[in-house]
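Spelled out from the first residue to the last, the chains are:
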Amino acid sequence: MAAIPRKKVLEKFRKMIAGGVPIVGGGAGTGLSAKAEEAGGIDLIIIYNSGRYRMAGRGSAAGLLAYGNANEIVKEMAYEVLPVVKKTPVLAGVNGTDPFVIMPLLLAELKTMGFSGVQNFPTIGLFDGQMRQSFEETGMGFGLEVDMIAAAHELDLLTTPYVFSPDEARAMTKAGADIVVAHMGVTTGGSIGATSAKSLDDCVKEIDAIAEAARIVRKDIILLCHGGPISMPDDAQYILERCKGLHGFYGASSMERLPAEAAIARQTADFKAVTLGAKTTAKKKKG
């Protein structure tokens, strides 16, 4: 699949916004996830390393730790996902803080492979406290992710960075982000989801603050929400009804892991409820 031009994607999204239609993106940790999401009408598909972990039954936060090379994993996953996606732009999650990457070369390679854009994942934004301070002080801070988005913008790749604060929203918008995604933390729910999260009303306040900061830099910035307690369609509806100028939702675990967990468990339970033919026949004869 060839990369879909950034201009074409944005033109479609502007028409959707004008028509009051939400933009919905989702992570794909397998080719089957990508095929099913496209069949459901998804607008963006994102490949990042956490997709491999969550669809292998591990928490998405595994993508933040040293269990594998995040950028290389995304390139490996591309061979599974890109060939089966027919019309939807596919984005690559890029670890912008990787000190062993020549970023312009990596971004150019991703575009050649067929990726239409990028997102900053794994992201330092999911760390806080002493660990975040250590990253920032030792040359592996969020600023490198901003630089990655700026470099991708220069290559005319679609850019949809995660942000966690108004300051980060301003920085990413200045760097040329097309879509700013307000990240509310690791998704809750299911067997391997987070169990602690802010409330939906807390999310409304945080998303509004992020959106306002981004719009101060550029009025036409596209704004989506993601993560935390926004895990089901009703949650997304609650947020979209209450946040000012929010244009849609990005799902990852909520788009592939949670539905898969529920559907497979339900299907298995249904098969376990099947009775043996001999017993059924015996009951009928006895009656």
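An unreviewed UniProt entry lists the protein under the name Phosphoenolpyruvate hydrolase family protein, with Mesorhizobium onobrychidis as the source organism.

Every buried residue of helix H8 (residues 166-174) is listed here: Glu168, Ala169, Met172 and Thr173. Mapping the buried residues of H8 onto a view down its axis gives an arc of 130 degrees, with all of them on the same face. Pointing more than 90 degrees away from the buried face of H8 are the exposed residues Asp167 and Lys174. Packed against the buried residues of H8 are strand E4 (117-120), helix H6 (129-137), helix H7 (142-154), strand E6 (162-163), strand E7 (179-183) and helix H9 (200-217). One or two residues past the end of H8 sits Gly176, with phi positive at roughly 105 degrees.

The biggest cluster of nonpolar side chains holds 77 residues, and the ones touching the most others in it are Val94, Leu107, Phe115, Val118, Ile207 and Ile239. No other element matches the 7 residues that H9 contributes to this core. Filtering out sequence-adjacent residues up to four positions away, Ile239 remains in contact with Leu200, Cys203, Val204, Ile207, Cys225, Ile230 and Leu246.

Turning our attention to the sheet that holds strand E3 (residues 90-94). Spatially, 9 strands are ordered E5-E4-E3-E2-E1-E9-E8-E7-E6 in an open sheet, and the strand pairing comes out parallel. Edge positions in the open sheet fall to strand E5 (158-159) and E6, since each of these has one partner strand only. In terms of strand pairing, E4 meets E5 through 2 bridges, oriented parallel. Directly across from Gly117, in E5, lies its bridge partner Leu158. Its contacts with the sheet put H7 on E3, E4, E5 and E6, and the angle it makes with E4 is roughly 175 degrees.

With that out of the way, let us pick up the packing of helix H4 (residues 70-81) against helix H5 (residues 103-113). Contact geometry of H4 with H5 gives a least axis separation of 11 Å together with a crossing angle of 10 degrees. Between H4 and H5, the interaxial angle falls into the category roughly parallel. Of the residues in H5, those touching H4 at Asn71, Lys75, Ala78 and Tyr79 are Leu106, Glu109, Leu110 and Met113. Classifying every residue of the contact of H4 with H5 by side-chain character gives 5 nonpolar, 1 polar and 2 charged.

Glancing now at the side chain of Asp208. Examined against the element boundaries, Asp208 turns out to sit in helix H9. Look at Asp208: it is buried, it has no salt bridge, and the nearest opposite charge is Lys244 at 5.0 Å. Discounting chain neighbours no more than four positions away, the residues touching Asp208 are Arg242, Cys243 and Lys244.

Moving on to the pattern of salt bridges. Applying the stated criterion across every chain yields a total of 14 salt bridges. Among the ionic pairs, Glu256 bridges to Arg54, the shortest N-O distance being 2.9 Å. Taken together, the positions of Glu256 in helix H11 (residues 253-272) and Arg54 in helix H3 (residues 49-54) put the pair 202 residues apart, joining distant regions of the chain. Both residues of the pair, Glu256 and Arg54, belong to the buried class. Salt-bridge contacts for Asp220 lead to Arg218; the nearest nitrogen and oxygen are separated by 3.1 Å. Judged by relative accessible area, which is 24%, Arg218 ranks as partly exposed. If you follow the salt bridges from partner to partner, you end up with Arg6, Asp156 and Asp178 in one network.

This next bit is on unusual backbone geometry. Cis peptide bonds are those with omega within 30 degrees of zero, and the linkage from Phe121 to Pro122 qualifies with 0 degrees. If you trace the backbone, Pro122 turns up in the loop between E4 and H6. Positive phi values are uncommon outside glycine, yet Asp156 reaches one of about 65 degrees. Residue placement: Asp156 occurs in the loop between H7 and E5. Given the relative accessible area of 38%, Asp156 is considered partly exposed.

Among the 5 residues in E7, 5 count as buried, and that is most of the element. The alternating pattern of E7 places Ile179, Val181 and His183 on one face and Val180 and Ala182 on the opposite face, and all of these are buried. The sheet contact formed by E6 and E7 spans 2 bridges and is parallel. Residue pairing across strands places Val163 opposite Ala182, the latter belonging to E7. In this view, the connection linking E6 to its parallel neighbour E7 by way of H8 has right-handed handedness.

The rules behind these values
- Residues numbered from 1 in each chain as written.
- Predicted model: local features only at pLDDT ≥ 70, side-chain atom pairs only at ≥ 80, totals over all residues.
- Heavy atoms only, no water.
- Buried < 20%, exposed > 50% of the residue type's maximum accessible area, 1.4 Å probe, protein only.
- Helix = DSSP H or I, 4+ residues; strand = E, 2+ residues; numbered from the N terminus.
- Arc of directions from axis to C-beta.
- Contact = heavy atoms within 4.5 Å.
- Core = buried A, V, L, I, M, F, W, Y, C linked by side-chain atoms within 4.5 Å.
- Pairing = 2+ DSSP bridges.
- Axes fitted to C-alpha atoms, helices over the stretch in contact; angles between N-to-C directions.
- Parallel < 35°, antiparallel > 145°, perpendicular 65-115°, else oblique.
- Nonpolar A, V, L, I, M, F, W, Y, C, P; charged D, E, K, R; others polar.
- Lys, Arg positive; Asp, Glu negative; His and termini not counted.
- Salt bridge = Lys/Arg side-chain N within 4 Å of Asp/Glu carboxyl O.
- Right-handed = clockwise from strand over helix to strand, strands pointing away.

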